[in-house]
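# Coordinates in review
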Amino acid sequence: MGWKLKQSPRCGRLYFGPGNGGTGAVGENVPLNADVVDTKTVDEIDYFCRQNDISLVVIGPENPLAEGLADRLEHPGRAVFGPGAEAARLEADKAFAKQIMKSASIPTADARTFTDYAAAARYVEARDEPVVVKATGLAKGKGAIVCDTVDEALAALRVCLVDKVFGDAGATVLVEEKMVGQEVSILALVDGRNIFVLDPTQDHKQAGEGDTGPNTGGMGAYCPTPLVSDKLMSEIERDILVAAVDALRRDGVTYRGVLYAGLMLTAGGPKVIEFNCRFGDPEVQPLMMRLKGDLLEIMLATCEGRLDEVDLSWDKRCCCCVVMASGGYPDAYAKGKVIRGIAEAEAEPGVAVFHAGTVKGKGGLVTAGGRVLNVCAMGDDLKAAQAKANAACGKISFDGAWFRRDIGYRVM
Ligand code: AMP
Ligand code: GLY
């Protein structure tokens, strides 16, 4: 997002809080961190904004949105991109999201909520079919456990309700019907009144090639995906996105920012897996690579309720984003591994490397997270984009690095 914002002729100074090993090349990293939104954090950010005459604040991740940072930073002359806490509950509280979907007849998996292990265990035993056990709170993308057998479901319930591995976030669980189909991510900008749906993307959540192994935050994505026709897109817009925004409005809640619907394309039509209240990672990278309009203008228009005035057009080409991860991720992994070869990878036209878990130290650029880099490439079709992204990954190295070579395989 920063890379795209910086391309706007209206972008003056750009700051990242706290930023990473790559953002310093686009703007200035500043020691602000909104992982925890307490009074001190809000005061620090607000003070920084006043000192530096900040006219737009973009809140990226779900945690600060869920904790109300957008509400608390709002100020005359300062636009804040991202929904307030009430609207962000669509992501932060899966039980609330289910309730909204039910009230608006939005298609989604059947589900029941539980706080008591014994009651939940009786339910899955009686059901005796594959289910998904989900922590209802925020769990960094790891709170959904897909269970094919009753034993797996009982183990998942134990993880959440007895061992409390997700803490409060897993104290209430959803036990939902397991859906089958292709997953797509449909993101829309919502300005309170208008909604603008972005081109469809597909993420790859599992660690292993061919969609095997544990769930991750996302190992790669491409855009656009041919899985969603224009007709299906209109249906999704009307029956899912507009329906959700309207349902919130009926409860007196205005949605402003990005609304992300994670969908399963089932035999019975598209159904919601989850809502997010932000751009997806790694969906945002291919979206930004292909977006032709001015992101700064688009974000301001979203904040100011005039999305109908902006130009949102897309590069015709396809973009494939491949995530390079640390050895061991999504379980424990080492940090501090020296990264080499990014400049070589980016020398190829149409390739851009975005940083995630990196930091610049005395010894140069090193790893600092599980998902380390997002290697993006444009191509005339998905096959060309994937080949170019994989080749670019091949030029980059750090100890333990791994990536999926099959991003987009489901439609190729
Ligand atoms: P979530 O955190 O809700 O996005 O779930 C993470 C991942 O778990 C999804 O991307 C799906 O691959 C899988 N998943 C979640 N809910 C379901 C479901 N009801 N049926 C099948 N797979 C699911
Ligand atoms: N890529 C999925 C997410 O950002 O939640």
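Presented here is an overview of the structure given in this document. (Residues numbered from 1 in each chain as written. Chains lettered and ligands numbered in written order. Predicted model: local features only at pLDDT ≥ 70, side-chain atom pairs only at ≥ 80, totals over all residues. Heavy atoms only, no water.)

## Structural notes on the packing of aromatic side chains
In this structure the tally under the stated criterion is 4 aromatic pairs. Their ring planes at 75° and their centres at 5.1 Å tell us that Trp3 and Phe354 sit as a pair that is edge-to-face. Of the two residues, Trp3 is situated in helix H1 (residues 2-6) and Phe354 in strand E18 (residues 351-355); the sequence distance between them amounts to 351 residues. Ring geometry for Phe114 and Tyr123: centres 5.3 Å apart, planes at 45°, overall tilted. (Phe/Tyr/Trp six-rings, centres within 6.5 Å; stacked < 30°, edge-to-face > 60°. Helix = DSSP H or I, 4+ residues; strand = E, 2+ residues; numbered from the N terminus.)

## Digging into the sheet that holds strand E6 (residues 131-135)
Strand order across the open sheet formed by 4 strands is E5-E8-E6-E7, with antiparallel pairing between neighbours. Edge positions in the open sheet fall to strand E5 (111-114) and strand E7 (144-147), since each of these has one partner strand only. Taken over all neighbouring pairs, the strand axes of this sheet differ in orientation by 20° on average, direction set aside. Relative to strand E8 (residues 173-177), E5 is paired through 4 bridges, and the arrangement is antiparallel. By the bridge assignment for E8, Phe114 is matched with Val173. The strands touched by helix H7 (residues 117-127) are E5, E6 and E8; relative to E5, the strand with the most contacts, the crossing angle is about 155°. (Pairing = 2+ DSSP bridges. Axes fitted to C-alpha atoms, helices over the stretch in contact; angles between N-to-C directions. Contact = heavy atoms within 4.5 Å.)

## Examining the site of ligand 1
The full set close to ligand 1 counts 16 residues, and Glu176, Glu177, Met179, Glu183 and Glu274 are the nearest of them. The side chain of Lys134 places a nitrogen or oxygen atom 3.0 Å from an oxygen atom of ligand 1. Backbone polar atom of Glu177 to a nitrogen atom of ligand 1: 2.9 Å apart, as the coordinates give it. Considered on its own, ligand 1 offers 470 Å² of accessible surface; in the complex 93% of this is hidden by protein. Of all the secondary structure elements, the ones that give two or more residues to the shell around ligand 1 are E6, E7, E8 and strand E16 (269-276). Tallied by class, the residues present in the shell around ligand 1 amount to 7 nonpolar, 1 polar and 8 charged. (Near = heavy atom within 4 Å. Polar contact = N/O pair within 3.5 Å; in protein donor to acceptor, adjacent residues only side chain to side chain. Areas by Shrake-Rupley, 256 points an atom, 1.4 Å probe, with all protein chains shown as cover. Nonpolar A, V, L, I, M, F, W, Y, C, P; charged D, E, K, R; others polar.)

## Description of the site of ligand 2
Every residue close to ligand 2 is listed here: Asp203, Lys205, Gly217, Tyr260, Asn276, Arg278, Gly280, Asp281, Pro282 and Glu283. The separation between an oxygen atom of ligand 2 and a polar side-chain atom of Arg278 is 2.9 Å. Taking Glu283, its side chain carries an N or O atom lying 2.8 Å from a nitrogen atom of ligand 2. For ligand 2, the accessible surface in isolation is 200 Å², of which the surrounding protein chains cover 90%. Taken together, the residues of the shell around ligand 2 break down into 2 nonpolar, 3 polar and 5 charged.

## Quick notes on the nonpolar core
Soluble globular proteins: nonpolar side chains tend toward being buried together. Within the largest apolar cluster, 50 residues are counted, with the highest numbers of intra-cluster contacts made by Leu90, Ile186, Tyr255, Leu259 and Phe275. Contributing elements (two or more residues each) for this core: helix H2 (39-51), helix H4 (69-73), helix H5 (85-92), helix H6 (94-103), strand E9 (182-191), helix H9 (230-250), strand E15 (256-266) and E16. Among the elements that take part in this core, H9 stands out by supplying 10 residues, more than any other. Filtering out sequence-adjacent residues up to four positions away, Tyr255 remains in contact with Pro83, Ala87, Leu90, Val190, Asp191, Gly192, Val245, Leu248, Asn276 and Cys277. Cys223, Tyr260, Met288 and Leu291 belong to the second largest nonpolar core, which has 29 residues in total. (Core = buried A, V, L, I, M, F, W, Y, C linked by side-chain atoms within 4.5 Å. Buried < 20%, exposed > 50% of the residue type's maximum accessible area, 1.4 Å probe, protein only.)

## Description of the pattern of salt bridges
Two side chains of opposite charge can pair, provided their charged atoms sit close to one another. Inspection of the entire model under this criterion finds 25 salt bridges. Between Asp211 and Arg410 there is a salt bridge; the shortest N-O distance is 2.5 Å. Linking Asp211 in the loop between strand E12 (206-208) and strand E13 (212-215) with Arg410 in the segment after helix H13 (382-394), this pair joins segments that are 199 residues apart in sequence. Given the relative accessible area of 16%, Asp211 is considered buried. Salt-bridge contacts for Arg371 lead to Asp281; the nearest nitrogen and oxygen are separated by 3.7 Å. Separated by 90 residues along the polypeptide, Arg371 in strand E21 (residues 371-379) and Asp281 in the loop between E16 and helix H10 (284-290) bring together distant segments of the chain. You can call Arg371 buried: its relative accessible area is 18%. (Salt bridge = Lys/Arg side-chain N within 4 Å of Asp/Glu carboxyl O.)

## Comments concerning the pairing of E21
Along a regular strand, successive side chains alternate from one face of the sheet to the other. Among the 9 residues in E21, 9 count as buried, and that is most of the element. Sheet topology note: the strand E17 (residues 318-325)/E21 ladder contains 8 bridges and is antiparallel. Paired with Val322 across the bridge in E21 is Val375.

## A word on the sheet that holds E18
Reading across from one edge, E11-E14-E17-E21-E18 is the order of the 5 strands in this open sheet, with antiparallel pairing throughout. Among the strands making up the open sheet, the edge pair consists of strand E11 (202-203) and E18. Bridging between E18 and E21 involves 5 bridges; their strand directions are antiparallel. Bridging across to E21, Phe354 finds its partner in Asn374.

## Concerning unusual backbone geometry
The omega angle of the peptide bond from Gly17 to Pro18 is -10°, so this bond is cis rather than trans. Tracing the backbone through its elements, the reader meets Pro18 in the loop between strand E1 (15-16) and strand E2 (28-29). For the bond running from Tyr329 to Pro330, omega is 10°, close enough to zero to count as cis. Counting through the fold element by element, Pro330 comes out in the loop between E17 and helix H12 (342-346). Residue Asp53 is not a glycine yet carries a positive backbone phi of 55°. Residue Asp53 is classed as exposed on the basis of its relative accessible area, which comes to 66%. Even without a glycine there, the phi angle at Ser105 is positive, about 50°.

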